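Structural overview
Take a look at the letters that make up each chain.
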Amino acid sequence: MSLINQLIVSNEENAPLCVLVHGRGFDMFAMKVFERALPASTHRLYVQAPFKDPKGGFCWWDISQEQDPFDGVQALGHFLLHELPLIVRSFANQDIALFGYGFSQGAATLS
């Protein structure tokens, strides 16, 4: 399962890459509120949860159903292990630091 994401690239060489993961009922753009806490010279990768939440937005797992939370965790894990390295490689010849930021359900999934 591929996850919708948006990459904002910094003009700074060797800027760190911050992966931002939203919580239940939001979308990836909700994490933009944290931009003011990040240095301007960072690459930012916003990742969206794969499931529509019944109350609006998206979720990593639907707590109103008998859905196993592992589904969303597995989707993010696959993204981090298989798709994120391709994104990191796109910064050819740069050694970049990688940071993960999550909120609520996104933080639990990320950890």
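In case you missed it, the structure is sitting above this.
Residues numbered from 1 in each chain as written. Predicted model: local features only at pLDDT ≥ 70, side-chain atom pairs only at ≥ 80, totals over all residues. Heavy atoms only, no water.

Re the sheet that holds strand 1 (residues 5–8)
Convention followed: When DSSP finds at least two bridges between two strands, those strands are taken to pair. Strands here mean DSSP runs of E at least two residues long; helices mean DSSP runs of H or I at least four residues long; both are numbered from the N terminus. To get an axis, a line is fitted to the C-alpha atoms, and for a helix only the part in contact is used. The angle between two axes follows their N-to-C directions and goes from 0 to 180 degrees.
Taken in spatial order, the 4 strands of this open sheet run 1-3-2-6, and their pairing is mixed. The sheet terminates laterally at strand 1 and strand 6 (98–102), the two strands that pair on one side only. Across this sheet, the average inter-strand angle for adjacent strands is 15°, counted without regard to direction. The pairing of strand 1 with strand 3 (residues 43–47) spans 4 bridges and is antiparallel. Paired with Leu-7 across the two strands is Leu-45, which belongs to strand 3.

Quick look at the pattern of salt bridges
Rules: What makes a salt bridge here is a side-chain nitrogen of Lys or Arg within 4 Å of a carboxyl oxygen of Asp or Glu, nothing more. Each residue is assigned to one of three classes by its accessible area relative to the maximum for its type, calculated with a 1.4 Å probe on protein chains only: buried under 20%, partly exposed between the two thresholds, exposed over 50%.
Scanning the entire structure with this criterion turns up 3 salt bridges. One salt bridge in this structure joins Lys-32 and Glu-35, with 3.8 Å as the shortest N-O distance. A relative accessible area of 29% places Lys-32 in the partly exposed class. Taken together, the salt bridges that share partners define one network made up of Lys-32, Glu-35 and Arg-44.

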